[in-house]
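Single-letter residue listing:
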Amino acid sequence: MSKLNMNAILFNAGGVAVLLTAVGYMGYSFFVTERVPHCSARYPAGQQFAFDSDKGKPLSPIEFQARAGLREWGVLQNAKIGTTTDGPAGGVMEVSLATTGDEDKADQNGVGFLWQPGDMSTANSACLSYSVFIPEGFTFSEPGYLPGLFGAADTAQLDESQPADGFAVRMGWAQKGEIGAEVRSPATAGYWQTSDRRAHWPLGRWVSIEQEVTLNTPGSVDGVMRIWIDGALTVESNVVNLRSTPQSTLSGVVSEIGYARTASEVSAIKVSPFIIQWQ
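Criteria and thresholds
Per-chain numbering applies: the sequence of each chain, read as written, is numbered from 1 onward. Reporting of local features is limited, given that this is a predicted model, to residues whose pLDDT is at least 70; pairs of side-chain atoms are given and counted only at 80 or more, and all residues count toward the totals for whole chains, interfaces and linings. Excluded from the side-chain calculation are hydrogens and water; included are all heavy atoms of the structure. Helix and strand labels come from DSSP, where a helix needs a run of H or I of at least four residues and a strand needs a run of E of at least two; each type is numbered from the N terminus. Buried means the residue's accessible area, taken with a 1.4 Å probe over protein chains only, is under 20% of the maximum for its type, while exposed means over 50%, and partly exposed covers the values in between. Here a residue-residue contact requires only that any non-hydrogen atoms of the pair lie within 4.5 Å. Per-residue and other accessible areas were derived by the Shrake-Rupley procedure at a 1.4 Å probe size, with only the shown protein chains allowed to occlude residues. Put simply, two rings from Phe, Tyr or Trp (the six-membered ring, in Trp's case) pair if the centres are within 6.5 Å, and we call them stacked under 30 degrees between planes, edge-to-face over 60, tilted for the rest. Placement of a positive charge over a ring is assigned whenever Lys NZ or Arg CZ falls within 6 Å of the ring centre and within 35 degrees of the normal to the ring plane. Within this scheme, the nonpolar core is defined by two criteria: the residues are buried Ala, Val, Leu, Ile, Met, Phe, Trp, Tyr or Cys, and they are joined through side-chain atoms within 4.5 Å. Only strands that DSSP links by at least two bridges are regarded as paired with each other. Axis definition: a line fitted to C-alpha atoms, limited for helices to the stretch in contact. Angles are taken between N-to-C directions and run from 0 to 180 degrees.

1. A few points about the overall build of the protein
Part 1 of the argument: Summing up its helical and strand segments, the protein has 3 helices and 15 strands in all.
Part 2 of the argument: Buried positions account for 46% of the 279 residues belonging to the protein.
Part 3 of the argument: Partitioning the intrachain contacts of the protein with sequence separation of at least 6 by distance along the chain shows that 68% fall at a separation of at least 24.
Part 4 of the argument: When the accessible surface of the protein is split by element, carbon and sulfur atoms take 54% of a total near 14000 Å².

2. Re the packing of aromatic side chains
Part 1 of the argument: Scanning all chains against the criterion turns up 16 aromatic pairs.
Part 2 of the argument: Between Phe113 and Phe274, the ring centres sit 6.3 Å apart and the planes meet at 25°, which makes this aromatic pair stacked. On the criterion of sequence distance, the pair formed by Phe113 in strand 4 (residues 111-115) and Phe274 in strand 15 (residues 274-278) is long-range, its members being 161 residues apart.
Part 3 of the argument: Exposure remark for Phe274: the relative accessible area of 0% places this residue in the buried category.
Part 4 of the argument: Taking the ring centre of Tyr145 as reference, the NZ or CZ of Arg170 above it sits at 5.5 Å.
Part 5 of the argument: The lysine or arginine in question, Lys270, covers the ring of Phe133, its NZ or CZ lying 5.6 Å from the ring centre.

3. As for the nonpolar core
Part 1 of the argument: With 53 residues, the main nonpolar core has Phe64, Met93, Val132, Leu146, Trp201 and Phe274 as its most contacted residues.
Part 2 of the argument: The next biggest cluster of nonpolar side chains, apart from the first, holds 6 residues, and it includes Leu114, Ala152, Ala168 and Val254.

4. A closer look at the side chain of Asn78
Part 1 of the argument: Tracing the backbone through its elements, the reader meets Asn78 in helix 3 (residues 75-78).
Part 2 of the argument: A residue is classified by how much of its surface remains accessible, and Asn78, at 17% relative accessible area, is buried.
Part 3 of the argument: Beyond its immediate sequence surroundings of up to four residues, Asn78 is in contact with Glu94, Val95, Ser96, Gln108, Asn109, Gly110 and Val111.

5. Notes on the pairing of strand 4
Part 1 of the argument: Along strand 4, 5 of the 5 residues are buried, which leaves the element largely enclosed by surrounding structure.
Part 2 of the argument: Where burial is concerned, the two faces of strand 4 agree: the one with Val111, Phe113 and Trp115 and the one with Gly112 and Leu114 are both buried.

6. Remarks on the sheet that holds strand 9 (residues 188-194)
Part 1 of the argument: Taken in spatial order, the 6 strands of this open sheet run 4-13-6-7-8-9, and their pairing is antiparallel. One side of each edge strand has no neighbouring strand; the edge strands of this open sheet are strand 4 and strand 9. If you compare each strand with its neighbour and ignore which way they point, the axes differ by 15° on average.
Part 2 of the argument: Of the strand pairs in this sheet, strand 8 (residues 179-185) and strand 9 are connected by 5 bridges, and their pairing is antiparallel.

7. Concerning unusual backbone geometry
Part 1 of the argument: The phi angle at Phe140 is positive, at roughly 55°, despite the residue not being glycine.
Part 2 of the argument: On the secondary structure map, Phe140 appears in the loop between strand 5 (125-133) and strand 6 (144-152).
Part 3 of the argument: With relative accessibility at 6%, the residue Phe140 sits in the buried group.

Shape is all these values report; function is a separate question.
Right, here's the structure in full:
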């Protein structure tokens, strides 16, 4: 075999190898999602909404109500701060879910309050982390809410289905128990963002949650929302539209725990203290 033919064969073989490598990489990229580290490991130290007092004792109902601020409901009636030996360290909030007996306030069947930890107006993204315990037998017969991130100069906007100048990304469960978040913003009257795999909430044990929100550029749909469950990236969207103006910024945590419309069964959910980090 001539030297020229041998060089041609080697050249062609090298080209085939490069082509196969490229095709293999494209196939891998199509079927395998690159793992994004959970947000609490990537953000600077944050602040905690603790459920115990400066003396290390669980907050009394009056102390908790004072810490919850003016926009609260159900704190005295439905929330109890205690401790646990089978879950996260520190105080634990147990929220009773039951009908309110008031049709106009049927959605206030658990607790609701806001936590605005400090000046987050310069932050482009935030990370919220906590743990939740949903008991065995919880049927998810109605959708419901858990704490999530929000931004609003006027907190009354959070009660609107489509806020004019604010946004909220409420964690929660769908009617069959799927993990996800409800997104409300000037661009939408609210939609449910869940995972492609339709992951469901585990019952009867503590589950760690991390929610990351990155603001979009006004006029663009380039915001990000991610949810990690027990350290695994479960929900992700890179086309989130939360704001239309630069003045719409991150504010803190909208803590609403309960059924979205009305309590369908009497139950109780436990939640650990919240930690928020931003950058």
